Amino acid sequence: MAGANPFQSLLKEINVNGETFHYFDIASFPEYRELPYSVRVLLESAVRNCDNFQVLEKDVRGILRWKQLKGTPTSDDELEIPFKPARVILQDFTGVPAVVDFAAMRDAVLKLGGDPDRINPICPSDLVIDHSVQVDFARSEDALAKNQDLEFERNKERFTFLKWGAKAFNNMLIIPPGSGIVHQVNLEYLARVVFQDAAKEGAARMLYPDSVVGTDSHTTMINGLGVVGWGVGGIEAEAVMLGQVISMLLPEVIGYKLVGKLNPLVTSTDLVLTITKHLRQIGVVGKFVEFFGPGVSELSIADRATISNMCPEYGATVGYFPVDKNALDYLRQTNRAEEKVRVIEAYLKATDQLRDFGNAEQDPVFTQIVELDLASVVTSVSGPKRPHDRVAVSEMQQDFRQCLVSKVGFKGFAVPEAEMSAEGSFSWTDGKTYALRHGSVVIAAITSCTNTSNPSVMLGAGLLAKKAVEAGLKVAPYIKTSLSPGSGVVTYYLKESGVIPALEELGFNVVGYGCMTCIGNSGPLDDNVANTIEKNNLVCCGVLSGNRNFEGRIHPNTRANYLASPLLVIAYALAGTVDIDFEKQPLGTRPDGSAVFLRDIWPTRAEIQTVEQKHVIPAMFRDVYEKVELGSDSWQGLNAPTGKLYPWDTQSTYIKRPPFFDGMTRELPKIGNIVNARALLNLGDSVTTDHISPAGSIARNSPAARFLSDRGLTPRDFNSYGSRRGNDDIMARGTFANIRLVNKLVPRPGPRTLHIPSGEEMDVFDCAQRYAGEGTPLIALVGKDYGSGSSRDWAAKGPYLLGIKAVIAESYERIHRSNLVGMGIVPLQYLAGQNAESLGLTGQELFSIAIPESCKPHERIPVSTDCGKQFEVIVRFDTEVDLEYFRNGGILNYMIRKMID
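What counts and how
- Residues numbered from 1 in each chain as written.
- Predicted model: local features only at pLDDT ≥ 70, side-chain atom pairs only at ≥ 80, totals over all residues.
- Heavy atoms only, no water.
- Helix = DSSP H or I, 4+ residues; strand = E, 2+ residues; numbered from the N terminus.
- Rg over C-alpha atoms; globule rule 2.2 N^0.38 Å.
- Buried < 20%, exposed > 50% of the residue type's maximum accessible area, 1.4 Å probe, protein only.
- Disulfide = S-S within 2.5 Å.
- Pairing = 2+ DSSP bridges.
- Axes fitted to C-alpha atoms, helices over the stretch in contact; angles between N-to-C directions.
- Parallel < 35°, antiparallel > 145°, perpendicular 65-115°, else oblique.
- Left-handed = near helix turned anticlockwise from the far one by under 90°.
- Contact = heavy atoms within 4.5 Å.
- Nonpolar A, V, L, I, M, F, W, Y, C, P; charged D, E, K, R; others polar.
- Domains from an automatic or database assignment.
- Buried area = accessible area lost by both parts, 1.4 Å probe.
- Salt bridge = Lys/Arg side-chain N within 4 Å of Asp/Glu carboxyl O.
- Polar contact = N/O pair within 3.5 Å; in protein donor to acceptor, adjacent residues only side chain to side chain.
- 1 Å grid on protein atoms, 1.4 Å probe; cavity = no way out; pocket = protein on both sides within 12 Å on 5 of 7 lines; lining within 4 Å.
- Points joined across faces, edges and corners; volume = space filled by probe spheres on them.
- Phe/Tyr/Trp six-rings, centres within 6.5 Å; stacked < 30°, edge-to-face > 60°.
- Lys NZ or Arg CZ within 6 Å of the ring centre and 35° of its normal.

Regarding the overall build of the chain
When you go through the chain residue by residue, the secondary structure sums to 31 helices and 34 strands. Relative to the 2.2 N^0.38 estimate, which gives 29 Å for 901 residues, the radius of gyration of the chain is 27 Å and therefore close to what a compact globule would have. With respect to the three principal axes, the spread of C-alpha positions in the chain is 80 × 75 × 60 Å. Put simply, the chain has 901 residues, and 63% of those count as buried.

Encoded structure:
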């Protein structure tokens, strides 16, 4: 049981604004000043929460030994440590399943004789509804209103459920739809930087660093403000909400030194794409990256947040910028109360957590140091299929043409030579005929938290649009252009600066507030455009200011997708193609016939900063956020149920009690071997959570579509997989439903597999159902980086419901491995240098896996097949906590048993 804190003697007082606060004086440890600033946050959490039950005194001592354990690249000692984040943040696509699980857990606790009211968030848990709006309407003044009306029409049931959850559960704040993207709202409004806990009667308030885990991998964006935080699976987030610590390995910390200054024509987007490629090459998966050096002072908080946002794309756990004076100024700019900012500053100074990037004497020890000269950054995009495949814009035309002819892969489409000049034409509503070719841009979206939180690139796009309109340039009417700001503040300053009319003139109307094109909510293309692309087998393009461009994510008809700054999104929309050399080829002509080049309309950083300083002011943040929790009239009009237990509607296709706790008992189940299992799939490298559990539209010929059709829904009402994450019937049918999934058991890409021994090719879900009827357990064979991409709990829940008991991979993405454990699926890893191909596995064998009752983290266990092949694999239970979750059948089952003890 929990005991007294052995570090109580470190509790000190500080007086600010005439009020006395308490804090733990972690700076008094002799080892402290050599610790990276990010590790200091881990240390403080361990000290404050040390109870010799969840957090042990030896855990604190272990963190203090960071330099000894992780201070050099050759240090390979592993130490498991607990971390208790200050809060949890959820977005609605992953937040809905969390609230569904909490509601189902209450039912399960009641059934097992416990008190269901014990199921409540312990720490502050904020849920921002930001993923449900889709770009159905674009390029019109009423696009925003129409899209938001459709959003409520499609998602009323989900929204009503979430509104119930806000009332039924303590400590849960719901930010209604139409407010913005979760990570931008976090940056501008929710982040505390330093918690100032409400005082108990007669006691001083406690100060401690803000820290957060979120159910989206881009939670790291808040690292740019000096808040340690990262994405976890929805399953792990639920455990934190219930008061559990996160068990993690003490991380290596890569010091990323920034020097010099950016070229005046370069944007923060160019910088983050450069850093992403650089760190991918270095290899930082599972590590912390901490930025330092004099170049950091040259970056605004918005610039830093852009870099931190793409942390999942470069593979690190965090991309951290310690708090400095710029961060404090940002808090003031975003209308945080001055008295709170003074408390934050005083606490950080008292604990040596306030950074001066120009003072090298403050530099801590790092595992490894890498350096980037900001002056070396050039204008860039990334693509066509991965966010870390950066291409200098000066080389873009050549690179795209090479991709067309290269073999199918991350940088290739294998277009036959005879089809290189393919072209298709169609008529438009303006009476004109337009042609599409390889490289034609059909989607151009200013979207995503990565860039819409950054005034410099948003205002830069507006100034570029203004100059383009003044030069007489236009965007072809068939290109689906859109602007989806990350918060109402963006629209506010775009209007005040006078650039909205130019953006609208080019078709970049505001279409909604939320995560839209970047998550796959790009909406349909015009039938004429889609048919022309399909008929001529064209490699057409999407250009977006997002952070993800994996195959099949943006739109089924855009086989090539490029991440770019908002300025370049407009530039490529004006050009109408990515097959262009901006230095040599003009964007168009003025009315007098003279050529207009991109350089003629590109604004400098100085121009942008002048506008930003004038128009991005605290009053805007006050006006937007003082009413953000109220929501729209539509939200206020929702009539949500009352009561602690949710009244499930068995006919609902949105919200359904999941089967995860069916048949659960108080006693632990026995660990059993996996005997005579079939491989449901045999997959290659870089299988993302988009491949495993798509968030986009539901294909009309899919098992999910058939399920919905059988219940009387038409395709218009299917909505997206993401919007239906509260219904396991849909999500199980959507598992491995990506049209670009490459399964080696079948000859063509798609959501299909082979049933053994019948040899019948069928949909993945249907095949899993058939195996279940035959009593056959299932596994999956996969390659490297399995589960990269967004941190989706359904990428683990779905395989669980399909009957997959274990996954054998070459390597795992951090969050996804954790999610598999959280669902009771065994993550196994080939020995170094081995994979399915080297072992001669086809995926058509019978597999038996011996899992010992006394299994240990990273233990080697044997796998045998019916064809005589035998090999060993490593059990990727990384900690004892992982094993405890597995023995319980998953993390939620563990929590339920804990609640009824």
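Once you've had a look at it, read on.
Some words on the state of the cysteines
Counted according to the given criterion, the structure contains zero disulfides. Cys 123 carries a free sulfur, and the closest cysteine sulfur to it, the one in Cys 50, is 19 Å from it. For Cys 123, a relative accessible area of 10% corresponds to the buried category.

Side note on the sheet that holds strand E34 (residues 870-875)
Whether parallel or antiparallel, the strands of a sheet pair through hydrogen bonds between backbone atoms. With respect to topology, seven strands assemble into a closed barrel ordered E26-E29-E30-E31-E34-E33-E32, the strand pairing being mixed. Within the sheet, the average angular offset between the axes of one strand and its neighbour, ignoring direction, is 40°. Examined bridge by bridge, strand E31 (residues 826-830) and E34 share three bridges and lie antiparallel to one another. From the neighbouring strand, Tyr 830 faces E34, where its bridge partner is Val 873.

Focus on the packing of helix H4 (residues 92-111) against helix H5 (residues 143-168)
Direction vectors running N to C along H4 and H5 enclose 55°, while the axes themselves pass 10 Å from each other. Relative to H5, the element H4 lies oblique. As H4 runs across H5, the sense of the crossing is left-handed. Between H4 and H5, the residues in contact are Asp 92, Phe 93, Val 96, Val 99, Val 100, Ala 103 and Arg 106 and Arg 158, Phe 161, Leu 162, Trp 164, Gly 165 and Ala 168, respectively. For the contact of H4 with H5, a count of residues per class yields nine nonpolar, one polar and three charged.

Some points on the domain arrangement of the chain
Interface extent is often summarised as the accessible area lost during association of the parts. Structurally, the chain comprises domain 1 (87-376), domain 2 (422-603) and domain 3 (674-900). The gap between the C-alpha centroids of domain 1 and domain 3 is 29 Å. The partner domain 3 presents 32 residues to the 36 residues of domain 1 that form the contact. The largest contributions to the domain 1 side of the interface with domain 3 come from Phe 93, Ile 235 and Gln 244, which together make up 22% of the buried area. Viewed at the interface, domain 3 and domain 1 are joined by two salt bridges. Between Asp 101 and Lys 797 there is a salt bridge whose closest N-O contact spans 2.7 Å. Inspection of the domain 1/domain 3 interface yields seven residue pairs in polar contact (both at pLDDT 80 or more). At the level of elements, H4, H5, strand E10 (228-231), helix H7 (234-241) and strand E11 (246-249) are the ones that each hand at least two residues to the side of domain 1 that touches domain 3. Take the side of domain 1 that touches domain 3: its biggest share by element is nine residues, from H4.

Quick word on empty space enclosed by the protein
Following the criterion strictly, the structure yields six cavities of 30 Å³ or more and no others. One number sums up the size of the largest cavity: a volume of about 80 Å³. For the largest cavity, the lining is made up of 15 residues, of which His 131, Asp 216, His 218, Cys 449 and Cys 515 are closest to its centre. Looking at the lining of the largest cavity residue by residue, the class counts come to six nonpolar, six polar and three charged. Summarising the domain contributions, the lining of the largest cavity has at least three residues from each of domain 1 (87-376) and domain 2 (422-603). Volume-wise, the second largest cavity comes out at about 60 Å³. As for the second largest cavity, its lining consists of Tyr 37, Val 41, Val 193, Pro 209, Asp 210, Gly 226, Tyr 320, Val 323, Leu 348 and Gln 353. Its residues assigned to classes, the lining of the second largest cavity comprises seven nonpolar, two polar and one charged.

Observations concerning the environment of Cys 541
By the secondary structure assignment, Cys 541 is in strand E22 (residues 541-544). Overall, the relative accessible area of 0% leaves Cys 541 in the buried class. Along the chain, Cys 541 and Thr 558 lie 17 residues apart, while their C-alpha atoms are 4.9 Å from each other. Those residues in contact with Cys 541 that lie beyond four places of it in its chain are Phe 400, Gly 439, Ser 440, Val 441, Val 442, Ile 443, Thr 558, Ala 560, Tyr 562 and Val 578.

Focus: the side chain of Asp 101
Here Asp 101 lies in helix H4. Ignoring sequence-local partners within four residues, the contact set of Asp 101 consists of Glu 238, Pro 658, Phe 660, Phe 661, Lys 797 and Leu 892.

What to know about the sheet that holds strand E7 (residues 194-196)
Spatially, four strands are ordered E1-E2-E8-E7 in an open sheet, and the strand pairing comes out mixed. Strand pairing shows two members of the sheet lacking a second neighbour, strand E1 (11-16) and E7, which therefore form its edges. The sheet shows a mean angle of 30° between the axes of neighbouring strands, direction not considered. Across two bridges, the pairing between strand E2 (residues 19-24) and strand E8 (residues 205-209) is parallel. Pairing of His 22 across the sheet is with Met 206, part of E8.

Observations regarding the packing of aromatic side chains
One pass over the structure, following the stated rule, counts 29 aromatic pairs. Here Phe 7 and Phe 29 contribute two aromatic rings whose centre-to-centre distance is 6.1 Å and whose plane-to-plane angle is 75°, an arrangement assigned as edge-to-face. You can see Phe 7 sitting in the segment before E1 and its partner Phe 29 sitting in the loop between E2 and helix H1 (37-48), a full 22 residues away along the chain. What makes Phe 7 buried here is its relative accessible area of 4%. Taking the centre distance of 6.1 Å and the plane angle of 50° together, the rings of Phe 660 and Trp 794 count as tilted. Of this pair, Phe 660 sits in the loop between helix H23 (633-636) and strand E26 (674-682) while Trp 794 sits in helix H28 (residues 794-802); the two residues are 134 residues apart in sequence, bridging distant segments of the chain. Taken individually, Phe 660 and Trp 794 each receive the classification buried, so the pair is uniform in this respect. Through a chain of ring-to-ring contacts, the aromatic side chains of Phe 102, Phe 161, Trp 164, Phe 169, Tyr 646 and Trp 648 assemble into a single cluster. Above the ring of Tyr 32, the side-chain terminus of Arg 40 is found at 4.7 Å from the ring centroid. Positioned over the ring face of Phe 413 is Lys 385, at 4.6 Å from the centre of the ring.

Thoughts on the pairing of strand E9 (residues 211-214)
Side-chain alternation along E9 places Ser 211 and Val 213 on one buried face and Val 212 and Gly 214 on a second face that is also buried. Across four bridges, the pairing between E9 and E10 is parallel. Looking at the pairing, Gly 214 lines up with Gly 231 of E10.

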